[in-house]
Amino acid sequence: MMQEDLDDGPDFLSEEDRGPRPINVDLQTDGTLQVDISDALSERDKVKFTVHTKSTLPNFKQDEFSVVRQHEEFVWLHDAFVENEEYAGYVIPPAPPKPDFDASRDKLQKLGEGEGSMTKEEFTKMKQELEAEYLAIFKKTVAMHEVFLCRVAAHPVLRNDLNFHVFLEYNQDLSIRGKNKKEKLEDFFKNVVKSADEVLVAGVKDVDDFFEHEKTFLLEYNNRIKDAAVKVDKLTKSHKSVADDNSRISSILYSLGTQDSTDLCKFFLKVSELFEKTRKIEARISADEDLKLSDLLRYYLRESQAGKDLLYRRARSLVDYENANKLLDRARAKNKDVLQAETNQQFCCQKFETLSESAKQELIDFKTRRVAAFRKNLVELAELELKHSKGHLQLLQSCLVALKGDS
């Protein structure tokens with residue numbers, strides 16, 4: 001289909017075959033524990049991730065090892081962190097989203113069913129596009145799971161967790177199953193109770209201005225990130241629609257151009273080539289915006305929720321501390337169970353102060369991390385947008401030169 005008259009330019013289009021790059025959350029480690037996903041295998045109803053670890057920590061038996069894990073085991077590890085009271089003062093890295101390839105599989109299946117109603121060239125082209133879409137989703141899924149592990153490995157406390165070490169090193173199946181209906185119902189009621197409790201503790205005025213400010217900021221930040229993510233998704237879909245339209249126009253022009261060998265048909269072929277190559281650019285723009293902006297927004301939407309959960313745990317601890325003070329006052333007034341009330345008050349006080357100290361540093365680190373990540377991704381996206389614009393311009397100029405030469 002393609003002619004040789006138009007120049008692609010210096011690598012403007014070749015990125016289409018490159019895999020998506022994982023979102024950058026600027027994770028800093030000291031090199032003693034490095035975790036990545038070296039391989040992944042997609043099956044009908046699950047994805048198997050090969051988790052590769054290199055470490056000089058004495059807790060591990062070997063310096064380098066790999067294990068195979070599934071999504072449910074990542075969720076188990078995340079839930080283990082959340083349920084551990086020792087980690088109440090930390091921003092728990094959000095669990096990666098569940099792999100979902102159903103939409104891409106359905107498209108491939110429908111394409112197979114409609115093979116007889118299209119030409120061989122059209123079928124091959126559409127199949128390649130759908131396979132590329134499936135591969136992009138697959139690689140993004142792997143990247144999200146890798147980011148979760150890297151966040152844990154970079155955390156000064158969570159990286160030493162026993163469950164995390166078991167997850168990384170135990171080379172057998174962890175026998176983690178999905179939750180049954182009863183457990184899902186229990187989780188639902190827990191979330192209802194938690195939501196109601198959040199409303200109650202939200203009205204408590206914080207004694208620390210730093211946390212009061214963070215509470216207001218994260219609430220507003222979470223809402224704006226959510227709104228931005230929806231708008232960016234619409235933007236990427238618009239670019240994808242333009243790419244699809246260019247593909248259809250290119251096919252129609254190519255069909256017209258192959259009817260005869262007249263000058264008009266040659267014109268149709270050259271313009272068809274232009275639309276096909278601009279389709280590739282539009283597809284890359286859509287993919288880059290999805291990777292550099294949409295994925296980043298969705299990740300920090302989940303992590304800002306983790307920050308809100310941290311503030312809720314601290315607010316709940318503050319309420320418990322204030323209630324313990326009231327109980328102590330009543331016990332002293334009645335001169336009954338004073339020692340028990342004092343012990344409980346001291347425990348609540350210590351828990352609140354410890355949680356507040358770690359939470360403050362966590363929120364400061366969270367700000368530093370997200371600012372660096374957004375700066376890096378936005379700069380890279382701007383550079384890619386400029387590159388694609390130059391590609392568009394060069395293709396138009398090449399097309400005009402070719403058409404003038406023929407005339």
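Just above, that's the structure.
Parameters at a glance
What you see as residue numbers is a count from 1 along each chain, following the sequence as written. In keeping with the model being predicted, local features are shown solely for residues with a pLDDT of at least 70 and side-chain atom pairs are shown and tallied solely at 80 or more, while totals for entire chains, interfaces and linings include all residues. With hydrogens and water excluded, all non-hydrogen atoms of the structure serve as input to the side-chain values. By definition, two strands form a pair when at least two bridges between them are found by DSSP. Helix and strand assignments come from DSSP, with helices taken as H or I runs of at least 4 residues and strands as E runs of at least 2, each series counted from the N terminus. To get an axis, a line is fitted to the C-alpha atoms, and for a helix only the part in contact is used. The angle between two axes follows their N-to-C directions and goes from 0 to 180 degrees. Residues are treated as being in contact if the distance between any of their heavy atoms lies within 4.5 Å. Take a side-chain nitrogen of Lys or Arg and a carboxyl oxygen of Asp or Glu: if they are within 4 Å of each other, that pair is a salt bridge. Only protein chains enter the accessibility calculation, which uses a 1.4 Å probe. A residue is then buried if its area is under 20% of the maximum for its type, exposed if over 50%, and partly exposed in between. Planes of paired rings set the category: under 30 degrees apart is stacked, over 60 is edge-to-face and the rest tilted, where pairs are Phe, Tyr or Trp rings (Trp by its six-membered ring) whose centres lie within 6.5 Å. The rule for a charge over a ring is simple: NZ of Lys or CZ of Arg within 6 Å of the ring centre, and within 35 degrees of the ring normal. When two cysteine sulfur atoms are found within 2.5 Å, that pair is recorded as a disulfide. Working definition of a nonpolar core: buried Ala, Val, Leu, Ile, Met, Phe, Trp, Tyr and Cys residues. They are joined through side-chain atoms within 4.5 Å. Throughout, the term roughly parallel applies to angles under 35 degrees, roughly antiparallel to angles over 145, roughly perpendicular to angles from 65 to 115, and oblique to all others. The hand of a helix crossing depends on one turn: near helix anticlockwise from the far one by less than a right angle means left-handed, and clockwise means right-handed. For this classification, the nonpolar set comprises Ala, Val, Leu, Ile, Met, Phe, Trp, Tyr, Cys and Pro, the charged set comprises Asp, Glu, Lys and Arg, and every other residue, Gly included, is treated as polar.

Peer 1: Could you give an account of the pairing of strand β1 (residues 33–42), naming the residues involved and the relevant values?
Peer 2: Note that β1 and strand β2 (residues 47–55) share nine bridges and pair antiparallel. Its bridge partner lying in β2, Leu 33 is registered against Ser 55. The antiparallel hairpin formed by β1 and β2 contains four residues in its connecting segment.

Peer 1: Tell me about the sheet that holds β2, and please be specific about residues and values.
Peer 2: Pairing is antiparallel in the open sheet, where three strands are placed in the order β1-β2-β3. Each edge of the sheet is formed by a strand with only one pairing partner; in this case those strands are β1 and β3 (64–70). The sheet shows a mean angle of 25° between the axes of neighbouring strands, direction not considered. Pairing between β2 and β3: seven bridges, direction antiparallel. In the strand pairing of β3, Lys 48 is matched with Gln 70. In the packing of helix α4 (residues 162–169) onto the sheet, contacts are made with β1, β2 and β3, and the angle to β3 comes to roughly 95°.

Peer 1: Would you mind going over the pattern of salt bridges in detail, with residue names and values included?
Peer 2: What the rule picks out here adds up to 20 salt bridges. A salt bridge links Asp 244 to Lys 240; its shortest N-O distance comes to 3.1 Å. Of this pair, Asp 244 and Lys 240 both sit in helix α6 (residues 209–257), separated by four residues, roughly a single helical turn. A residue is classified by how much of its surface remains accessible, and Asp 244, at 25% relative accessible area, is partly exposed. The class for Lys 240 is partly exposed, based on a relative accessible area of 34%. Among the ionic pairs, Asp 295 bridges to Arg 298, the shortest N-O distance being 2.7 Å. Taken together, the residues Asp 295 and Arg 298, both in helix α7 (residues 263–334) and three residues apart, mark about one turn of the helix. By relative accessible area, Arg 298 is classed as partly exposed at 26%. Connected through shared salt-bridge partners, Lys 140, Asp 233, Asp 290, Asp 295 and Arg 298 make up one network.

Peer 1: Please give an account of the packing of aromatic side chains that cites residues and values.
Peer 2: For the coordinates displayed, the defined rule picks out 13 aromatic pairs. Measuring from centroid to centroid gives 5.1 Å for Phe 74 and Phe 167, while their planes differ by 75°, and the two rings are edge-to-face. Taken together, the positions of Phe 74 in helix α1 (residues 71–83) and Phe 167 in helix α4 put the pair 93 residues apart, joining distant regions of the chain. As far as the burial class goes, Phe 74 and Phe 167 line up, both buried. A ring pair is formed by Phe 81 and Tyr 87, whose centres lie 5.9 Å apart and whose planes are at 65°; its orientation type is edge-to-face. Summarising the burial analysis for this pair, Phe 81 and Tyr 87 share the class buried. Each member of the aromatic cluster is reached from another via a ring pair, and the members are Phe 49, Phe 74, Phe 148 and Phe 167. The ring of Phe 211 is capped by Arg 314, whose NZ or CZ atom sits 3.7 Å from the centre of that ring. Sitting above the plane of the Phe 366 ring, Arg 370 keeps its charged end 4.7 Å from the centroid.

Peer 1: Account for the state of the cysteines, with residues named and values stated.
Peer 2: Taken as a whole, this structure holds zero disulfides when the rule is applied. Lacking any disulfide linkage, Cys 349 is separated from the closest cysteine sulfur, that of Cys 348, by 8.8 Å.

Peer 1: Lay out the nonpolar core in plain terms, naming residues and giving numbers.
Peer 2: Where a protein is soluble and globular, its nonpolar side chains tend to be buried together. Ranked by internal contacts, the top residues of the largest apolar core, which has 30 residues, are Leu 149, Phe 164 and Leu 168. Of all the secondary structure elements, the ones that give two or more residues to this core are β1, β2, β3, α1, α3 (120–154) and α4. The element that contributes the greatest number of residues to this core is α3, accounting for seven residues. Ranked by size, the runner-up nonpolar core spans 24 residues in total, among them Leu 293, Tyr 299, Tyr 300 and Ala 306.

Peer 1: I'd love a proper account of the packing of α6 against α7, names of residues and values included.
Peer 2: Put simply, α6 and α7 touch, their axes get as near as 7 Å, and they point 165° apart. The orientation of α6 relative to α7 falls into the category roughly antiparallel. Considering the relative orientation of α6 and α7, their crossing is left-handed. Classifying every residue of the contact of α6 with α7 gives 27 nonpolar, 14 polar and 13 charged.

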